[in-house]
Amino acid sequence: MKIILSNLEKNTNNIYIICRILIGLFFFVAGFNKLFHPVFQGYMLNTITTIGFPFPQFTANFTAFCECIFGLFLMLGLWTRISSVFLIIIILIALFTHDLSTIPKELIPVKPETGVYKMDPFTWLGYFLYLPQMLYLLFLLLFLFQGCTGFGIDTFRKTKSGNN
């Protein structure tokens, strides 16, 4: 058991790096698609317009650009904490303006004759925590507090400047 724990501890940095790169890749690809793919541009503009943000075309492009550029920075380990802050802001705005409305207000059972059930707070919390945005938020908070650990431009710059 000690050997297994020791091996897990040795690979903590590698797992952290993989998570940082994959979350960064997710945001980069999502932002890139919203910037350059006509279908995703339409989805983004429609969502922003429906929510009622001012200047929907600018807001959609600006948000997609931020997702793309800060996702790239996160992948590279460049300005990891700043990138995390911007992506956290994007996630929180999306969560409160759009994603919370996707949680059902009532539970419809398999057998309709049993009736509809009101959503109790515990079940609502289950739906809330099941949203993928919550996992992204958790990872981004980790990156915010941990910074760039292991492989990344921030680590390289810190090592080169002599700040360990």
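None of the values given here were measured: they were computed from a predicted structure.

Cut-offs applied
Residues numbered from 1 in each chain as written. Predicted model: local features only at pLDDT ≥ 70, side-chain atom pairs only at ≥ 80, totals over all residues. Heavy atoms only, no water. Axes fitted to C-alpha atoms, helices over the stretch in contact; angles between N-to-C directions. Helix = DSSP H or I, 4+ residues; strand = E, 2+ residues; numbered from the N terminus. Left-handed = near helix turned anticlockwise from the far one by under 90°. Contact = heavy atoms within 4.5 Å. Nonpolar A, V, L, I, M, F, W, Y, C, P; charged D, E, K, R; others polar. Salt bridge = Lys/Arg side-chain N within 4 Å of Asp/Glu carboxyl O. Polar contact = N/O pair within 3.5 Å; in protein donor to acceptor, adjacent residues only side chain to side chain. Expected span 1.5 Å × (residues − 1). Phe/Tyr/Trp six-rings, centres within 6.5 Å; stacked < 30°, edge-to-face > 60°. Buried < 20%, exposed > 50% of the residue type's maximum accessible area, 1.4 Å probe, protein only. Core = buried A, V, L, I, M, F, W, Y, C linked by side-chain atoms within 4.5 Å.

Student: Sorry, what's going on with the packing of helix α4 (residues 56-76) against helix α5 (residues 80-97) here?
Tutor: Each packed pair of helices is defined by two parameters, the angle between the axes and the distance between the axes. At a minimum axis separation of 9 Å, α4 and α5 run at an interaxial angle of 145 degrees. Two packed elements cross with a definite hand, and for α4 against α5 that hand is left-handed. Taken together, the residues of α5 that come into contact with α4 (itself represented by T63, C66, E67, F70, G71, F73 and L74) are T80, S83, S84, F86, L87 and I90. Per-class residue counts for the contact of α4 with α5 are seven nonpolar, five polar and one charged.

Student: How do you make sense of the pattern of salt bridges when you look at a structure like this?
Tutor: Tallying each qualifying case throughout the model produces one salt bridge. Here K34 makes a salt bridge to E67, at a shortest N to O gap of 3.0 Å. Here K34, found in helix α2 (residues 12-36), pairs with E67, found in helix α4; they are 33 residues apart in sequence, far enough to count as distant.

Student: I would appreciate a short explanation of the side chain of S84 in the present structure.
Tutor: Tracing the backbone through its elements, the reader meets S84 in helix α5. At 2.8 Å, the side chain of S84 and the backbone oxygen of T80 are in polar contact. Dropping the residues within four chain positions of it, S84 is found in contact with L74, L140, F143 and L144.

Student: Looking at this model, I keep getting lost on α4. Mind explaining?
Tutor: Every α-helical turn comprises 3.6 residues, leaving residues that sit three or four positions apart pointing alike. The terminal C-alpha atoms of α4, which comprises 21 residues, lie 30 Å apart, in line with the 30 Å expected from a rise of 1.5 Å per residue. Remark: G77 follows α4 within two positions and exhibits a positive phi of approximately 70 degrees.

Student: Explanation requested: the packing of aromatic side chains in the structure shown.
Tutor: Ring pairs (aromatic) are described by centroid distance and by the angle formed between their planes. According to the stated counting rule, one finds 13 aromatic pairs in the structure shown. Seen in terms of ring centroids, F26 and F27 are 5.1 Å apart; in terms of plane orientation they differ by 75 degrees. Their pairing is edge-to-face. A relative accessible area of 34% places F26 in the partly exposed class. For F27, a relative accessible area of 3% corresponds to the buried category. When the centroid spacing of 4.4 Å and the interplanar angle of 20 degrees are considered together, the rings of F26 and Y136 count as stacked. With F26 in helix α2 and Y136 in helix α7 (residues 132-146), this residue pair connects regions lying 110 residues apart in the sequence. Each member of the aromatic cluster is reached from another via a ring pair, and the members are F70, F73, W79 and F86.

Student: I would appreciate a short explanation of the side chain of E67 in the present structure.
Tutor: Classification of E67 by relative accessible area gives buried; the value is 5%. Once you skip the residues sitting within four places of it in the chain, E67 turns out to touch F27, F28, A30, G31, K34, L87 and I90.

Student: Got a minute to help me understand the nonpolar core in this structure?
Tutor: Across soluble globular proteins, you tend to see nonpolar side chains buried next to one another. Grouped together as the largest cluster of nonpolar side chains are 21 residues, with contacts concentrated most on I23, F27, L87 and L140. Where this core is concerned, the elements lending two or more residues are α2, α4, α5 and α7. Discounting chain neighbours no more than four positions away, the residues touching F27 are E67, C68, G71, L87, I91, Y136 and L140.

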